Amino acid sequence: MSTLEILHPTTGRRFDNSFLLQRVQPAMTGLIDGSLSTLAPVFAVVFATHQPIYAFFAGLATAIGAGVSMAFSEGLSDDGESTGRGNPFARGAITGAGTFLGGVLHTLPFLVPQYGAAVIVALATIAFELLTLAWARSRFFGTGFLRSFVAIALGGAIITAVSAGLGSLS
């Protein structure tokens, strides 16, 4: 399959279509999924127990499980030949690693033993993640930074609010 260069709509940068399909898109899928999917268990546990270490273990287990799940899901989704998405093993590894990374980043602050401090550091980490994801979507896919940030932040806010609510029921 021939490669196609794509001109970024706002910056004029050129990107190889196969690079976007085979590397950037799987990485973004993983990072976004990991960042959002691990919020619920981490915040439900920390708000239910007020024990940051329990939230850390819940987040670590979720990041590992989600990373493995996404690696297999992406790797088994298609053979890459008909879609031009490339080697399924490479895509799976990239997506799985991105998912783990996206999930573990805001889990690490729960190694801080003080409840309030751990939550504040985790929220700051999440803000950094959201800004980074919005920047990456803007840079590689031409989606406006603000539009990307709002979309990703909305998903994160919904998940965090629901999980915090569930955690506070105990």
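This report concerns the structure included in the present document. (Residues numbered from 1 in each chain as written. Predicted model: local features only at pLDDT ≥ 70, side-chain atom pairs only at ≥ 80, totals over all residues. Heavy atoms only, no water.)

Those residues of helix α2 (residues 39–49) lying buried are L39, V42, F43, A44 and V46. Residues of α2 that are buried in the fold lie against α1 (17–37), α3 (52–77), α5 (115–141) and α6 (145–168). Of the residues flanking the end of α2, it is H50, one or two places downstream, whose phi is positive at about 60 degrees. (Buried < 20%, exposed > 50% of the residue type's maximum accessible area, 1.4 Å probe, protein only. Helix = DSSP H or I, 4+ residues; strand = E, 2+ residues; numbered from the N terminus. Contact = heavy atoms within 4.5 Å.)

We now examine the side chain of T107. Mapped onto the fold, T107 is located in the loop between α4 (88–105) and α5. For T107, a relative accessible area of 0% puts it in the buried group. When near neighbours in sequence (up to four residues on either side) are disregarded, T107 contacts V42, A55, F56, G59 and L60.

So, on to α6. In this model α6 runs 33 Å from its N-terminal to its C-terminal C-alpha over 24 residues, within 8% of the 34 Å that 1.5 Å per residue would give. For α6, the full list of buried residues reads S148, I152, A153, G156, T160, S163, A164 and G167. Residues of α6 that are buried sit in contact with α1, α2 and α5. (Expected span 1.5 Å × (residues − 1).)

What follows deals with the pattern of salt bridges. Under the counting rule described, the total for this entry stands at 4 salt bridges. The shortest N-O distance in the salt bridge between E74 and R85 comes to 2.1 Å. You can see E74 sitting in helix α3 and its partner R85 sitting in the loop between α3 and α4, a full 11 residues away along the chain. Notably, a salt bridge pairs R91 with D78, separated by 3.7 Å at the nearest N-O pair. Residue R91 is found in helix α4, and its partner D78 is found in the loop between α3 and α4; the two are separated by 13 residues along the sequence. Accessibility classification places R91 together with D78 in one group, the buried group. Where salt bridges share partners, they join E74, D78, R85 and R91 into one cluster. (Salt bridge = Lys/Arg side-chain N within 4 Å of Asp/Glu carboxyl O.)

Turning our eyes to something else, we now look at unusual backbone geometry. Non-glycine residue H50 carries a positive phi angle of around 60 degrees. When you line up the elements, H50 lands in the loop between α2 and α3. The class for H50 is partly exposed, based on a relative accessible area of 42%.

The next point concerns the side chain of D78. According to the relative accessible area criterion, D78 is buried, its value standing at 18%. With residues up to four places along the chain from it excluded, the contact list for D78 reads T83, R85, P88 and R91.

This next bit is on a nonpolar patch on the surface. Together, I53, Y54, F57, L101, L105, L108 and L111 make up a nonpolar patch on the protein surface, roughly 640 Å² of accessible area in all. Mapped by element, the contributors of at least two residues to the nonpolar patch are α3 and α4. Here L108 lies in the loop between α4 and α5. (Patch = residues over 30% accessible without salt bridge, like charges linked within 9 Å, V, L, I, M, F, W, Y side chains within 5 Å. Areas by Shrake-Rupley, 256 points an atom, 1.4 Å probe, with all protein chains shown as cover.)

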